[in-house]
Amino acid sequence: MRYGKHSNDEKEPSAYKKNAEKPEQSSQKSSSDKPTVRPTSKGYLKAVPLVMLASALFLILCFVTADTGIFGNFISPMFKGLFSYVAYLIPVLLVIHAYFFRSDLKKNRLWSRVIFSAIALSTLSILAYIIPNLGVDELTFTPAEFYKNGILSQGGGLIGGALGYGIYKFLGKVGLL
């Protein structure tokens, strides 16, 4: 390096900065300069679909039987209280997510499928709330009643009831149709 002025003087300080900022990265690189893969990523990618399938099977057992223990006896009424009988679609959606997990991850569609599933569950819960209440003159907002009726598979549960009531208040009876 020369200390006189020449055309590369402006570029050299930035080169020093780049090297000064990355001393740790140069020591972490292997001799083949391949990108490093996190050690847990391979196991994680293989385990996620299996966990989804196991969760779907467990939810089915929770919905069908009452002998699923303390956790199972909590999960079933919770999902039914939130979504009413539309909660029975959650295991189906989990199986679909498990089947398409790897391709969704590669194509960056994972979150769009999750968001679509949440919107679909909410929309069906809203319909489960709206259809029985089409002939009712005045609807009331009672979250505890939405939840209790959802557990009994009446109405749309807390999610469908709250969102359906919001649509009713915002758009009126015409909006419900």
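Residues numbered from 1 in each chain as written. Predicted model: local features only at pLDDT ≥ 70, side-chain atom pairs only at ≥ 80, totals over all residues. Heavy atoms only, no water.

1. A word on the pattern of salt bridges
Here the structure, examined in full by the defined rule, presents three salt bridges. Note that Glu138 is salt-bridged to Lys169, the shortest N-O span being 3.7 Å. One end of the pair, Glu138, is in the loop between α6 (110-130) and α7 (143-151); the other, Lys169, is in helix α8 (residues 157-176), and 31 residues separate them in sequence. Beyond isolated ion pairs, a larger network of salt bridges with shared partners links Asp104, Arg109 and Arg113. (Salt bridge = Lys/Arg side-chain N within 4 Å of Asp/Glu carboxyl O. Helix = DSSP H or I, 4+ residues; strand = E, 2+ residues; numbered from the N terminus.)

2. Things to note about the packing of aromatic side chains
The tally for this structure, following the rule as stated, stands at seven aromatic pairs. For the ring pair Tyr129 and Phe146, a centre distance of 5.4 Å and an interplane angle of 80° mean the geometry is edge-to-face. You can see Tyr129 sitting in helix α6 and its partner Phe146 sitting in helix α7, a full 17 residues away along the chain. Take Tyr129 and Phe146: they sit in the same class, and that class is buried. (Phe/Tyr/Trp six-rings, centres within 6.5 Å; stacked < 30°, edge-to-face > 60°. Buried < 20%, exposed > 50% of the residue type's maximum accessible area, 1.4 Å probe, protein only.)

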